[in-house]
Amino acid sequence: MSLNDIQIERYSRQILLPQVGGKGQEKLLAAKVLIIGAGGLGSPVASYLAGAGVGTLGIVDSDTVELCNLHRQMIYSSDDIGKKKAIAAQARLERVNPDIKIVPYVLRLTSENIMEVIKEYDIVVDGSDNFPTRYLVNDACVLAKKTLVFGAFFRYEGQAMVIKPGEGPCLRCMFPEPPPPGLVPSCQEAGVLGALAGVIGLIQATETLKLILGIGEPLIGKFILFDALEMGLTRLDVRRDGNCPVCSEKSTIKGLVDYEEFCGLKSSSLETSL
Amino acid sequence: MEGIRIDQNIDLRGVSCPLNYVRTKLKLEEMEAGKILEILLDDGEPIVNVPRSAKEDGHKILGIEQIDGYFKVLVRKSNSTTGGLE
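Residues numbered from 1 in each chain as written. Chains lettered and ligands numbered in written order. Predicted model: local features only at pLDDT ≥ 70, side-chain atom pairs only at ≥ 80, totals over all residues. Heavy atoms only, no water.

**Observations concerning the overall build of chain A**
And then number 1: Within chain A, the secondary structure is distributed over twelve helices and eight strands.
And then number 2: Taking 2.2 N^0.38 as the reference for a compact globule, 274 residues should give roughly 19 Å; the C-alpha atoms of chain A span a radius of gyration of 18 Å, in line with that estimate.
And then number 3: By principal-axis analysis of the C-alpha atoms, chain A measures approximately 55 × 45 × 40 Å.
And then number 4: Classification of the 274 residues of chain A by burial places 55% in the buried group.
And then number 5: Once local pairs closer than 6 in sequence are excluded, the contacts in chain A between residues at least 24 apart make up 68%.
And then number 6: Only carbon and sulfur atoms are counted for the fraction: they give 53% of the accessible area of chain A, which is about 12200 Å². (Helix = DSSP H or I, 4+ residues; strand = E, 2+ residues; numbered from the N terminus. Rg over C-alpha atoms; globule rule 2.2 N^0.38 Å. Buried < 20%, exposed > 50% of the residue type's maximum accessible area, 1.4 Å probe, protein only. Contact = heavy atoms within 4.5 Å. Areas by Shrake-Rupley, 256 points an atom, 1.4 Å probe, with all protein chains shown as cover.)

Okay, here's the thing in structure tokens:
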């Protein structure tokens with residue numbers, strides 16, 4: 001693959017970077033990244049990966065754009081209200097960068113379909129807003145040995161980590177089970193500072209680009225805690241749990257679990273991505 | 001600069017900064033270490049910036065020669081550059 005004139009100009013400020021160059025740009029164009037949730041996290045992740053020329057971006061979201069999304073989901077405009085997010089995101093991203101391929105998935109990920117969706121991709125970025133999806137995505141990525149870029153936020157605080165199965169801890173190494181339903185208020189009830197979603201999403205986008213390029217130190221086994229009010233960033237070293245229910249040799253989870261089915265959460269709260 | 005064997009050349013007259021260096025960098029990436037690239041550059045910013053960037057990326061400037069209103073620069077590709085992924 002060799003870069004054409006338009007690509008050279010479009011990506012020039014990135015090609016100039018030490019450790020990127022033409023070969024790095026070709027890696028980006030050849031990369032396939034799946035973004036789960038096109039909301040507060042998915043918006044910045046998708047925008048910056050599209051801008052950087054990540055060649056194939058899959059976007060999973062079953063929701064429609066609502067007015068209350070627009071304070072933090074910058075990929076959408078007021079005209080998009082009522083449209084399916086994955087489709088509206090595709091339209092926006094194709095205008096940002098017609099050089100790449102956007103694949104929308106208007107569906108809810110379940111234990112039945114997730115393996116089929118993620119198998120096409122090199123890296124998975126979790127931008128979901130609920131524990132059943134987070135655990136489903138974590139387990140699926142461990143089972144399929146896909147690198148997962150985790151991110152989450154709540155009110156004024158956010159978290160991020162890179163999960164590389166076999167090399168570092170997974171979500172269950174830290175938190176073996178999702179919290180019981182009702183214990184943690186959903187984002188809808190708790191509120192969130194829109195700009196915080198951007199900060200966490202851009203940590204995820206940056207980590208994804210580093211992973212594709214093979215540069216720097218990825219956040220494997222390093223859990224980022226970001227506090228917007230203090231503007232503080234803490235990086236915790238996290239180890240693999242030898243008894244992890246999914247990623248250890250003693251794993252007890254051999255298949256995928258659809259938590260919502262027995263958690264009894266309202267489907268409306270599950271289907272809204274941040 | 002007489003007697004230096006030129007392996008590749010690129011005419012970047014009319015190409016502004018920093019796109020002229022982007023094209024230089026991509027050309028150098030395709031070449032083997034130790035090979036010589038001849039670059040034609042405009043006066044002004046290009047003749048200041050492009051040789052400087054090439055040096056920063058670890059390449060060796062062998063010579064700069066002024067010809068009617070433009071410059072000819074010879075660069076030897078380094079063995080280990082920080083200019084791109086290997």
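From this point, the narrative continues.
**Remarks on the pattern of salt bridges**
And then number 1: The final tally for this structure, using the stated rule, is twelve salt bridges over all chains.
And then number 2: The partner of Lys-23 of chain A in a salt bridge is Glu-29 of chain B, and the shortest N-O contact between them spans 3.9 Å. Of this pair, Lys-23 of chain A sits in helix 3 (residues 21-30) while Glu-29 of chain B sits in helix 1 (residues 19-30), each in a different chain.
And then number 3: Here Asp-80 of chain A and Lys-83 of chain A are joined by a salt bridge, their closest N and O atoms 3.2 Å apart.
And then number 4: Residue Asp-80 of chain A is classed as buried on the basis of its relative accessible area, which comes to 10%.
And then number 5: A cluster of three or more residues bridged by salt bridges with shared partners is formed by Asp-139, Arg-172 and Glu-177 of chain A. (Salt bridge = Lys/Arg side-chain N within 4 Å of Asp/Glu carboxyl O.)

**Description of helix 1 of chain B**
And then number 1: Spanning twelve residues, helix 1 of chain B covers 17 Å between terminal C-alpha atoms, matching the ideal 16 Å at 1.5 Å per step.
And then number 2: Of all the twelve residues making up helix 1 of chain B, ten are buried; the element is thus mostly covered by neighbouring parts of the structure. (Expected span 1.5 Å × (residues − 1).)

**What about the interface of chain A and chain B?**
And then number 1: Taken together, the 19 residues of chain A in the interface contact 13 residues of chain B.
And then number 2: Roughly 1300 Å² of surface becomes buried between chain A and chain B when both sides are summed, with 66% attributable to carbon and sulfur atoms.
And then number 3: On the chain A side of the interface with chain B, the three residues burying the most area are Ile-8, Leu-16 and Lys-23 of chain A, jointly 42% of the side's total.
And then number 4: Summed over the shared surface of chain A and chain B, the result is two salt bridges.
And then number 5: The interface formed by chain A and chain B includes six residue pairs in polar contact (both at pLDDT 80 or more).
And then number 6: Residue assignment for the side of chain A that touches chain B shows that the elements contributing at least two residues are helix 1 (5-10), helix 2 (12-15) and helix 3 of chain A. (Buried area = accessible area lost by both parts, 1.4 Å probe. Polar contact = N/O pair within 3.5 Å; in protein donor to acceptor, adjacent residues only side chain to side chain.)

**Topic: the sheet that holds strand 3 (residues 60-67) of chain B**
All names here are of chain B.
And then number 1: Overall, mixed pairing links the four strands, which are arranged 1-2-4-3 in an open sheet. Each having just a single partner strand, strand 1 (8-11) and strand 3 make up the two edges of the open sheet. This sheet shows a mean twist of 20° between the axes of neighbouring strands, independent of strand direction.
And then number 2: Summarising the sheet, strand 2 (residues 36-42) and strand 4 (residues 70-76) pair through seven bridges and their orientation is antiparallel. Within strand 4, the position partnered with Asp-42 by the bridge is Tyr-70.
And then number 3: Sheet strands in contact with helix 1 are strand 1, strand 2 and strand 4, and its direction is about 170° off that of strand 2.
And then number 4: Along the sheet, helix 2 (residues 45-56) contacts strand 2, strand 3 and strand 4; its crossing angle with strand 2, the most-contacted strand, is approximately 155°. (Pairing = 2+ DSSP bridges. Axes fitted to C-alpha atoms, helices over the stretch in contact; angles between N-to-C directions.)

**Brief notes about the nonpolar core**
All names here are of chain A.
And then number 1: Counting 54 residues, the largest nonpolar core has Val-33, Ile-35, Leu-49, Val-54, Leu-57, Ile-59 and Tyr-76 as the members making the most contacts within it.
And then number 2: The leading source of residues in this core is helix 10 (residues 194-213), at eight residues.
And then number 3: The residues contacting Tyr-76, other than those within four sequence positions of it, are Ala-38, Ser-43, Val-65, Leu-70, Lys-85, Ala-88 and Ala-89.
And then number 4: Listed in part, the 33 residues of the second largest apolar core include Val-117, Ile-118, Val-124 and Phe-223. (Core = buried A, V, L, I, M, F, W, Y, C linked by side-chain atoms within 4.5 Å.)

**Regarding the sheet that holds strand 2 (residues 56-60) of chain A**
All names here are of chain A.
And then number 1: One open sheet accounts for eight strands, arranged 3-2-1-4-5-6-7-8; its pairing is mixed. The two strands at the open ends of the sheet, each matched to only one other strand, are strand 3 (101-105) and strand 8 (232-237). Taking each pair of neighbouring strands and ignoring which way they run, the sheet shows an average axis angle of 15°.
And then number 2: Sheet topology places strand 1 (residues 32-36) next to strand 4 (residues 123-126); four bridges connect them, and they run parallel. Residue pairing in the sheet places Ile-36 in a bridge with Asp-126 of strand 4.
And then number 3: Contacting strand 2 and strand 3, helix 5 (residues 85-96) crosses the sheet at an angle of about 170° to strand 3.
And then number 4: Together, strand 1, strand 4, strand 5 (147-154) and strand 6 (157-163) form the strand contacts of helix 7 (residues 131-144), whose direction differs from that of strand 5 by roughly 165°.

**Describing the packing of aromatic side chains**
Residue and element names in this part refer to chain A.
And then number 1: With the rule as written, the count across this model stands at four aromatic pairs over all chains.
And then number 2: Aromatic side chains Phe-150 and Phe-223 sit 6.5 Å apart centroid to centroid with 20° between the ring planes, which places their arrangement in the stacked category. With Phe-150 in strand 5 and Phe-223 in strand 7 (residues 222-227), the pair connects residues that are 73 residues apart, well separated along the chain.
And then number 3: Judged by its relative accessible area of 4%, Phe-150 is buried.
And then number 4: Residue Phe-223 is classed as buried on the basis of its relative accessible area, which comes to 4%.
And then number 5: Put simply, the rings of Phe-150, Phe-175 and Phe-223 pair up and form one aromatic cluster.
And then number 6: Above the face of the Phe-131 ring, Arg-134 is positioned so that its terminal group lies 4.8 Å from the ring centre. (Phe/Tyr/Trp six-rings, centres within 6.5 Å; stacked < 30°, edge-to-face > 60°. Lys NZ or Arg CZ within 6 Å of the ring centre and 35° of its normal.)

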